[in-house]
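# Structural characterization, general
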Amino acid sequence: MYKPYYKPVLNAFADIKIPEPKVSKLILFILTIIGKTYINILFGFAKIVLHNDKILFESFSSALSGKSRCLIAFRHPDGREPQLLTWFFLFRLAKLASKKGYKFKKRPHAIFVYGYEVVRWGGALARLFMPNLGAIPIHHTKMDSKGMARLYNSIYEGKYPLALAPEGQVSYSTDTVPRLEAGIVRIGFTAASKMNENNQNEKPDCPLEILPLSVHFRYGKKGKAGALKLLKKIEKICGIKNEQPQKPSFTERLNTCRNFILELNEKRYGIKTDSSMSFDERLEKTVHSALETAEKIKCIKPEGDFFMRLYKVRHECWDKIYLPNLDIGDLKKLNFINHNIIDLDASQSWYASRHQEYADFGWYFKHLLPKEDTPLHLKIEYVQNLWDFANRTMGGAISGRINIPADKVIIKAASPINLTARLSQYKEDRRGTIENTMADLENAYLNCITEVNSEV
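Conventions and cut-offs
- Residues numbered from 1 in each chain as written.
- Predicted model: local features only at pLDDT ≥ 70, side-chain atom pairs only at ≥ 80, totals over all residues.
- Heavy atoms only, no water.
- Helix = DSSP H or I, 4+ residues; strand = E, 2+ residues; numbered from the N terminus.
- Buried < 20%, exposed > 50% of the residue type's maximum accessible area, 1.4 Å probe, protein only.
- Contact = heavy atoms within 4.5 Å.
- Lys, Arg positive; Asp, Glu negative; His and termini not counted.
- Charge placed at Lys NZ, Arg CZ, Asp CG, Glu CD.
- 1 Å grid on protein atoms, 1.4 Å probe; cavity = no way out; pocket = protein on both sides within 12 Å on 5 of 7 lines; lining within 4 Å.
- Points joined across faces, edges and corners; volume = space filled by probe spheres on them.
- Nonpolar A, V, L, I, M, F, W, Y, C, P; charged D, E, K, R; others polar.
- Pairing = 2+ DSSP bridges.
- Phe/Tyr/Trp six-rings, centres within 6.5 Å; stacked < 30°, edge-to-face > 60°.
- Lys NZ or Arg CZ within 6 Å of the ring centre and 35° of its normal.

Next up on the list: the overall build of the chain. When helices and strands are tallied, the chain shows 17 helices and ten strands. Taking the principal axes of its C-alpha atoms as reference, the chain extends roughly 65 × 65 × 50 Å. Within the chain, the fraction of its 456 residues that count as buried is 54%. Expressed as a percentage of contacts within the chain between residues at least 6 apart in sequence, the contacts between residues at least 24 apart total 78%. Positive and negative side-chain charges of the chain, numbering 68 and 49 respectively, have mean locations separated by a distance of 7 Å.

Structural data, given as structure tokens:
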């Protein structure tokens, strides 16, 4: 048996092999049994409610009957939205719709699109459930004709709506929209154009729509207590003690912790602390230094914008930990030296990805410190993010994030954006039409945020 000459931090593995995406009746049956329990554990028995239900009912009714094609553009601020929405569509949507007089031609479901690395870090459950719920893996930075073909075929066949997160990844912010990627709009217009030209399925009047969907969390006394408990935990790992006669305020405690953690990162990356700069300015310097450090470790030339560089490092690291061109048999056939080399490459990639993870989260951690009159959900979100700031500083990833259980989870739909109706504009000015559609999508999200804050 192979034994490393120098024991690495991490051994390299053969790549994860997953089956072709399909909707498995067996997996649906298993979810019928365990789904509610899983969601309760994941969201702390929060009450899940739907706002603007008519929009969602009509969009699903039309899509499931083949009268339209639907791209669900869901916001991704928390990380758990795909699990929530998958369960909600499968087990709650039809019941709620029937109470309002809507009947679906088949069981509601949505096909989610995810980054190919998710089944690598997501573990055995992700590898079992995701492909068997029809979820489609794609690459962010590589040519992926197979993945894109699956994606477009899913749209053309129209069995279920296709769900994508235009934010590209977790954004850690419920009440703002830090960034959106235009991929969903480009995909939508490409599909709508082909459907229009080819008279797809002999349905010339079958529109392709983007359905904006937003998820929001609201908390009560338990949430407030959980936030204070988590803040104490952050202070403890920072070695901060509040022993002065006048106890600092909630805002002051947050500020002390975040500055302490930031200074540690400045020291780590050799950045001199400049008190004349704002927290965000100082944070940005550490974020870029972290990404540059990861690129240097992996000998990657900095090319493209910040997120293209980030994705490239991430995928390069995963491809050294899970080797895409080797299976278990190939690994066993490697000679001793080569086996040690790939294990050391995997270890090096793991270390590089620690800097990448910090850069990833740090880019988003640019929010005003909450004050005493700040809404509770924003205070809790900040404490969760502050923990993640410490977590990424210590080499953690999103798996180490601590989510405080909510009392209520709100799913809110906005009016669909009809891409087929914009095809004439798209043909005349592709770039301008994509930009305008992206602006409409962002405004739909912002309106959802405003409406939820005014309703709750």
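Within this model, the second largest pocket holds a volume of roughly 440 Å³. Lining the second largest pocket are 19 residues, with I16, I18, Y116, P137 and H139 sitting closest to its centre. For the lining of the second largest pocket, the secondary structure elements donating two or more residues are α5 (118-121), β5 (136-138) and α7 (145-157). For the lining of the second largest pocket, the element with the most residues is α7, which contributes three residues. Tallied by class, the residues present in the lining of the second largest pocket amount to eight nonpolar, two polar and nine charged.

With that settled, the discussion passes to empty space enclosed by the protein. One pass over the full model with this rule turns up three cavities of 30 Å³ or more. Here the largest cavity is characterised by a volume of approximately 90 Å³. What lines the largest cavity is P77, D78, Y172, T174, F217, Y219, H377, E381, Q384 and R401. Top element by residues in the lining of the largest cavity is helix α15 (residues 376-393). It accounts for three residues. Here the residues of the lining of the largest cavity sort into four nonpolar, three polar and three charged.

Quick look at the pairing of strand β9 (residues 408-413) now. Where burial is concerned, most of β9 is hidden: five out of the six residues are buried. Relative to β9, strand β7 (residues 208-218) runs antiparallel, the two sharing six bridges. Counted as the bridge partner of R218 is K408 from β9.

Enumeration over the complete set of coordinates arrives at 24 aromatic pairs. Look at F74 and F112: their rings are 5.4 Å apart centre to centre, the planes differ by 65 degrees, and that puts the pair in the edge-to-face class. On the criterion of sequence distance, the pair formed by F74 in strand β3 (residues 69-74) and F112 in strand β4 (residues 111-115) is long-range, its members being 38 residues apart. As far as the burial class goes, F74 and F112 line up, both buried. Here the aromatic rings of Y358 and F389 are separated by 6.0 Å at their centres, their planes lie at 25 degrees, and the arrangement is stacked. Within this pair, whereas Y358 is found in helix α14 (residues 336-364), its partner F389 is found in helix α15, the two being separated by 31 residues in sequence. Residue Y358 shares its accessibility class with F389, and that shared class is buried. Here the guanidinium or amino end of K106 rests over the ring plane of Y160, the centre of that ring lying 5.1 Å away. Across the ring face of W387, the terminal group of K233 is positioned such that the distance to the ring centre comes to 4.9 Å.

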